[in-house]
Amino acid sequence: MKFLNAKEVAKLMGISVSGAYDIIRKLNAELVQKGYRVKSGKVNELYFKKVYGFSDLGEDDPHELQANA
């Protein structure tokens with residue numbers, strides 16, 4: 001499992017690093033609400049790509065994120 005930092009998110013989105021941190025905070029807040037654990041300042045690459053349309057993950061994808069029970 002890979003996590004993206006703000007510089008990587010900024011490069012992918014064509015935005016500033018501070019803007020990337022805003023995106024990471026919002027995505028991590030969504031993940032926490034869904035029961036996931038997060039790393040401050042980084043975002044799960046699969047979730048980021050799914051939310052922003054970089055990936056075509058389906059609900060039955062074996063690499064889909066799994067919540068920590």
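Before reading further, recall that the structure is shown in the block above.
Residue numbers here run from 1 along each chain, matching the order of that chain's written sequence. It should be noted that, the model being predicted, local features are given only for residues of pLDDT at least 70 and side-chain atom pairs only at 80 or more, the latter also being counted only at that level, while totals for whole chains, interfaces and linings use all residues. Based on all heavy atoms of the structure, the side-chain values leave hydrogens and waters out of the count.

Visitor: Mind showing me how you'd approach the nonpolar core here?
Guide: Soluble globular proteins tend to bury their nonpolar side chains together. In terms of nonpolar packing, the biggest core is built from 13 residues, with Val 9, Leu 27, Val 43 and Phe 48 touching the most fellow members. In DSSP terms, a helix is any run of H or I states spanning at least four residues, a strand is any run of E spanning at least two, and both are numbered starting from the N terminus. For this core, the elements supplying multiple residues, two or more each, are α1 (6-13), α2 (17-33) and α3 (45-51). Considering each element in turn, this core owes the most residues, five residues, to α2. Setting aside residues up to four positions removed in sequence, Leu 27 forms contacts with Val 43, Tyr 47, Phe 48, Val 51 and Tyr 52. The criterion is simple. A nonpolar core is a set of buried Ala, Val, Leu, Ile, Met, Phe, Trp, Tyr and Cys residues joined through side-chain atoms within 4.5 Å. The cut-offs for exposure are 20% and 50% of the maximum accessible area for each residue type, with area from a 1.4 Å probe on protein chains only; residues under the lower value are buried, those over the upper are exposed, and the others partly exposed. Contact definition: two residues touch when any of their heavy atoms are within 4.5 Å.

Visitor: Is there a simple way to think about a nonpolar patch on the surface in this case?
Guide: What goes into a patch is any residue over 30% in relative accessible area without a salt bridge, connected to like charges within 9 Å or, for nonpolar side chains (Val, Leu, Ile, Met, Phe, Trp, Tyr), within 5 Å. Only the protein chains shown count as cover for residues, and all accessible areas are computed by the Shrake-Rupley method using a 1.4 Å probe. Take a side-chain nitrogen of Lys or Arg and a carboxyl oxygen of Asp or Glu: if they are within 4 Å of each other, that pair is a salt bridge. Residues Leu 12, Val 51, Tyr 52 and Phe 54 make up a contiguous nonpolar surface patch of roughly 330 Å² in combined accessible area. Tracing the backbone through its elements, the reader meets Leu 12 in helix α1.

Visitor: Explanation requested: α2 in the structure shown.
Guide: Because an α-helix completes one turn every 3.6 residues, residues spaced three or four positions apart along the sequence face the same direction. Here the expected span of a helix is defined as 1.5 Å times the quantity of residues minus one. With 17 residues, α2 should reach 24 Å at 1.5 Å per residue; the first-to-last C-alpha distance of 24 Å fits that figure. Looking at the buried residues of α2, the elements they touch are β1 (3-5), α1, β2 (42-44) and α3. One or two steps after α2, the chain reaches Gly 35, where phi turns positive at roughly 95°.

Visitor: Quick question: what am I supposed to make of the packing of α1 against α2 here?
Guide: For any two helices packed against each other, one specifies the crossing angle of their axes together with the interaxial distance. At a closest axis distance of 8 Å, the pairing of α1 and α2 adopts a crossing angle of 105°. Regarding the angle of α1 to α2, the classification is roughly perpendicular. Counted together, Ala 6, Lys 7, Val 9, Ala 10 and Met 13 of α1 and Val 17, Ala 20, Tyr 21, Ile 23 and Ile 24 of α2 form the full contact between these two elements. Residues that form the contact of α1 with α2 fall into these classes: nine nonpolar, no polar and one charged. Orientation is described by lines fitted to C-alpha atoms, with helices fitted over the stretch in contact, and by angles between N-to-C directions that extend from 0 to 180 degrees. To sort the angles, those under 35 degrees are grouped as roughly parallel, those over 145 as roughly antiparallel, those from 65 to 115 as roughly perpendicular, and the leftovers as oblique. Think of it as three bins: nonpolar holds Ala, Val, Leu, Ile, Met, Phe, Trp, Tyr, Cys and Pro, charged holds Asp, Glu, Lys and Arg, and polar takes everything else, Gly as well.

Visitor: What is the right way to read the pattern of salt bridges from this model?
Guide: Side chains that differ in sign of charge can pair as their charged atoms come close. For the structure shown, the criterion picks out three salt bridges. One salt bridge connects Lys 2 with Glu 8, and the closest N-O pair in it is separated by 3.6 Å. Judged by relative accessible area, Glu 8 falls into the partly exposed class, the value being 28%. Among the ionic pairs, Asp 22 bridges to Arg 25, the shortest N-O distance being 2.4 Å. Of this pair, Asp 22 and Arg 25 both sit in helix α2, three residues apart, which is roughly one turn of the helix. Looking at Arg 25, the relative accessible area reads 52%, which means it is exposed.

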